[in-house]
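# Per-entry structural report
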Amino acid sequence: AQSVTQPDIHITVSEGASLELRCNYSYGATPYLFWYVQSPGQGLQLLLKYFSGDTLVQGIKGFEAEFKRSQSSFNLRKPSVHWSDAAEYFCAVGERGSQGNLIFGKGTKLSVKP
Amino acid sequence: ETGVTQSPTHLIKTRGQQVTLRCSSQSGHNTVSWYQQALGQGPQFIFQYYREEENGRGNFPPRFSGLQFPNYSSELNVNALELDDSALYLCASSFLTSYNEQFFGPGTRLTVL
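Because the structure is a prediction, the values reported are computed rather than measured. (Residues numbered from 1 in each chain as written. Chains lettered and ligands numbered in written order. Predicted model: local features only at pLDDT ≥ 70, side-chain atom pairs only at ≥ 80, totals over all residues. Heavy atoms only, no water.)

Moving on, we come to the confidence of the model for chain A. Across chain A, the average pLDDT comes to 92, with 96% of residues at or above 70. No element of chain A has a lower mean pLDDT than strand S11 (residues 102-104) of chain A, at 92, and none a higher one than strand S3 (residues 19-21) of chain A, at 98. (pLDDT = per-residue confidence, 0-100. Helix = DSSP H or I, 4+ residues; strand = E, 2+ residues; numbered from the N terminus.)

Written out as structure tokens, the structure is:
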């Protein structure tokens, strides 16, 4: 069965520091991969997605993610974190050919120190 | 372009009652999916509707049911509410063939007492 693991429950970084959030997935083939962000009490906003092609994808708000097939990973990065980036981040996997079932990790809560 | 909207924002029910949550999909989208997000967890897929029919279902009991209307809006109905049904319910809309790319609404927070 497919699964998504986000090993870090909570990460704290200083404003201006770099950020990397980890995501590992279990799937027999190359899935569709997504990162979503959720602010408190809000729905999910799509940051970026990977379907095929270039393994380094750019998203909104200065985020990027790299798909590494050999490591079954899709880590999210940002070179310089802003206080407004404090939120919960979810990695999700979509099965090719499925009818829309996204499988989410449990999320990583990001706190930003001034 | 109008995004995904959900109503109500918050809802409090008691155990055993029934609840209906509503979702209007983003303009042009033909598919609606529903997710349950318990506190401290990631969203879990409940089901998806396309052309007014259920098009896929997660591991949820039959007391979770839905509808999709000709204008692509949708309802999620939950019967015989249990305490564990307390969660944020998220609706997401998409095109059926859009590689699972889904756009989420703000959610409905359901509390079951």
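This is not the end of the story, as more comes after the structure.
This part is about the environment of Thr-2 of chain B. Residues and elements named next belong to chain B. Here Thr-2 is to be found in the segment before strand S1 (5-7). Classification of Thr-2 as exposed rests on a relative accessible area of 53%. Considering only alpha carbons, one finds Thr-2 and Ile-12, 10 residues apart in sequence, at a separation of 28 Å. Ignoring anything within four residues of it in the chain, the contact list for Thr-2 reads Gln-26 and Ser-27. (Buried < 20%, exposed > 50% of the residue type's maximum accessible area, 1.4 Å probe, protein only. Contact = heavy atoms within 4.5 Å.)

Let us now look at the state of the cysteines. For the structure shown, the criterion picks out 2 disulfides over all chains. One disulfide bridge connects Cys-23 of chain A with Cys-91 of chain A, the sulfur atoms lying 2.0 Å from each other. Looking along the S-S bond of the Cys-23 of chain A-Cys-91 of chain A disulfide, the torsion reads about -65°, which is the left-handed sense. Of this pair, Cys-23 of chain A sits in the loop between S3 and strand S4 (24-26) while Cys-91 of chain A is found in strand S10 (residues 87-94), placing the two residues 68 residues apart along the sequence. Residue class for Cys-91 of chain A comes out buried when judged on its relative accessible area of 0%. Linked covalently through their sulfurs, Cys-23 of chain B and Cys-91 of chain B form a disulfide whose S-S length is 1.8 Å. Note on the Cys-23 of chain B and Cys-91 of chain B pair: the S-S dihedral is about -60°, so by sign convention the disulfide is left-handed. In this pair, Cys-23 of chain B is assigned in strand S3 (residues 19-24) and Cys-91 of chain B in strand S9 (residues 87-94), connecting sequence segments 68 residues apart. Each member of the pair Cys-23 of chain B and Cys-91 of chain B is classed as buried. (Disulfide = S-S within 2.5 Å.)

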